[in-house]
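Residue-level listing of the chains:
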Amino acid sequence: MTREEFEELVAEALDRIPPELTRLMDNVAVFVEDEPPADDPELLGLYEGTPLTDRGEWYAGVLPDRITVYRNPTLRMCESREDVVAETEITVVHEIAHHFGIDDERLHALGYG
């Protein structure tokens, strides 16, 4: 799967997020990279920033939170295009949930681990 096709899958996954949630997202940008950091080669996605639940009066003038979805580890773990579509959607939801302050334990319990 090409980078462009994968980026389209990420965009489609973002489009499936309910509008009532996307309206609440604040100061966050989503990126696609081919490979994760070398110290975690199987990482599918990463949220970097300050979750909405941790922001206070001090939160102003900061760079956007960053959600990165990694293409190659996703392609390596999936056996079909359908698997890639499903895994990409899970990864996007998982990382957006971190933006809302939901931790990994809760996400695993909800099936987004």
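Here the structure is a predicted model, which is why all the values come from computation and not from measurement.

Rules used throughout
Residues numbered from 1 in each chain as written. Predicted model: local features only at pLDDT ≥ 70, side-chain atom pairs only at ≥ 80, totals over all residues. Heavy atoms only, no water. Core = buried A, V, L, I, M, F, W, Y, C linked by side-chain atoms within 4.5 Å. Buried < 20%, exposed > 50% of the residue type's maximum accessible area, 1.4 Å probe, protein only. Helix = DSSP H or I, 4+ residues; strand = E, 2+ residues; numbered from the N terminus. Contact = heavy atoms within 4.5 Å. Expected span 1.5 Å × (residues − 1). Arc of directions from axis to C-beta.

Caption draft 1: Up close: the nonpolar core. Judged by nonpolar contacts, the single largest core of 14 residues is most densely connected at Phe 6, Val 10, Ile 67, Val 69, Val 84, Val 92 and Ile 96. Going through the elements one at a time, helix H1 (3–15), strand S3 (65–70) and helix H4 (81–99) are the ones with two or more residues in this core. By residue number, the principal contributor to this core is H1, which donates four residues. In this view, Val 69 contacts Phe 6, Val 10, Phe 31, Val 32, Glu 33, Leu 44, Gly 45, Thr 91 and Val 92; residues no more than four positions away in its chain are not counted.

Caption draft 2: Structural view of H1. Over its 13 residues, H1 extends 18 Å from the first C-alpha to the last, a length consistent with the 18 Å expected when each residue adds 1.5 Å. Of all the positions in H1, only Phe 6, Leu 9, Val 10 and Ala 13 are classed as buried. Looking straight down H1, one finds its buried side chains confined to an arc of 95°; they lie on one side. Exposed positions of H1 whose direction lies more than 90 degrees from the buried face are Glu 4 and Asp 15. In the core, the buried residues of H1 are packed alongside strand S1 (28–33), S3, helix H3 (71–77) and H4.

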